[in-house]
Amino acid sequence: MNIILKPIVTEKMTNQTESFNRYAFVVSKTANKIDIKKSVESLYEVKVKSVRTMNYYGKTKSRSTKGGVIAGKKNSFKKAIVQLVDGNSIDFYSNV
């Protein structure tokens, strides 16, 4: 089972990476902090200092069309912010 689904590369996370050596990932909903720490350390070969997790629930969206109102829902997900030990870093762009 894959614990880390994808990295989050946004302007806000890039600023936190440069300032605090933090990286964000979308992770499996059933993963805990220990599993996330082990997965990041084995996948990227770095040393993890701390892990913070948060659950995001799917927002409901609706729009009006000619045929009526269409309602939908975004997917829910779990996000983990991983802080690395000083001197370690992850390069997401090395394979591009």
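This text follows the structure it describes.
One structure accompanies this document, and this report is about it. (Residues numbered from 1 in each chain as written. Predicted model: local features only at pLDDT ≥ 70, side-chain atom pairs only at ≥ 80, totals over all residues. Heavy atoms only, no water.)

**A short note on the nonpolar core**
To be explicit about the condition: As used here, the term nonpolar core means buried Ala, Val, Leu, Ile, Met, Phe, Trp, Tyr and Cys residues forming a set that is joined through side-chain atoms within 4.5 Å. Burial classes follow relative accessibility: with a 1.4 Å probe on protein chains only, a residue under 20% of its type's maximum area counts as buried, one over 50% as exposed, and anything between as partly exposed. Here, residues are in contact when the closest pair of their heavy atoms is within 4.5 Å.
Counting 15 residues, the largest nonpolar core has Phe25, Ile36, Val40, Val48, Val82, Leu84 and Ile90 as its most contacted members. Leaving out residues up to four positions away in the same chain, valine 82 has contacts with Asn21, Arg22, Tyr23, Phe25, Ile36, Val40, Val48, Ser50 and Val51. Counting residues in hydrophobic clusters, the runner-up holds five residues, among them Ile8, Met13, Val26 and Ile81.

**Side note on the environment of lysine 74**
Applied cut-off: Each helix is a run of H or I in the DSSP string that is no shorter than four residues. Each strand is a run of E no shorter than two, and both are numbered from the N terminus.
Counting through the fold element by element, lysine 74 comes out in the loop between strand 5 (68-73) and strand 6 (77-84). The spacing of lysine 74 and valine 51 is 23 residues in sequence and 25 Å in space, taken between C-alpha atoms. Not counting the four nearest positions on each side in its chain, lysine 74 is found in contact with Gly58, Lys59 and Lys61.

**Structural notes on the packing of aromatic side chains**
The condition is simple: By convention, a stacked pair of Phe, Tyr or Trp rings (six-membered ring in the case of Trp) has centres within 6.5 Å and planes under 30 degrees apart, an edge-to-face pair has planes over 60 apart, and any other such pair is tilted. Remark: a charge is flagged as sitting over a ring if the NZ atom of Lys or the CZ atom of Arg is within 6 Å of the ring centre and within 35 degrees of the ring normal.
For the coordinates displayed, the defined rule picks out five aromatic pairs. Between the aromatic rings of tyrosine 44 and phenylalanine 92, the centroid separation amounts to 6.0 Å while the plane-to-plane angle is 85°, which identifies the pairing as edge-to-face. Highlighted residues: tyrosine 44 in helix 2 (residues 33-44) and phenylalanine 92 in the segment after strand 6, separated in sequence by 48 residues. Taking relative accessible area as the criterion, phenylalanine 92 reaches 23% and is therefore assigned partly exposed. Taken together, Tyr23, Phe25, Tyr44 and Phe92 form an aromatic cluster joined through their ring pairs. Taking the ring centre of phenylalanine 20 as reference, the NZ or CZ of arginine 22 above it sits at 4.6 Å.

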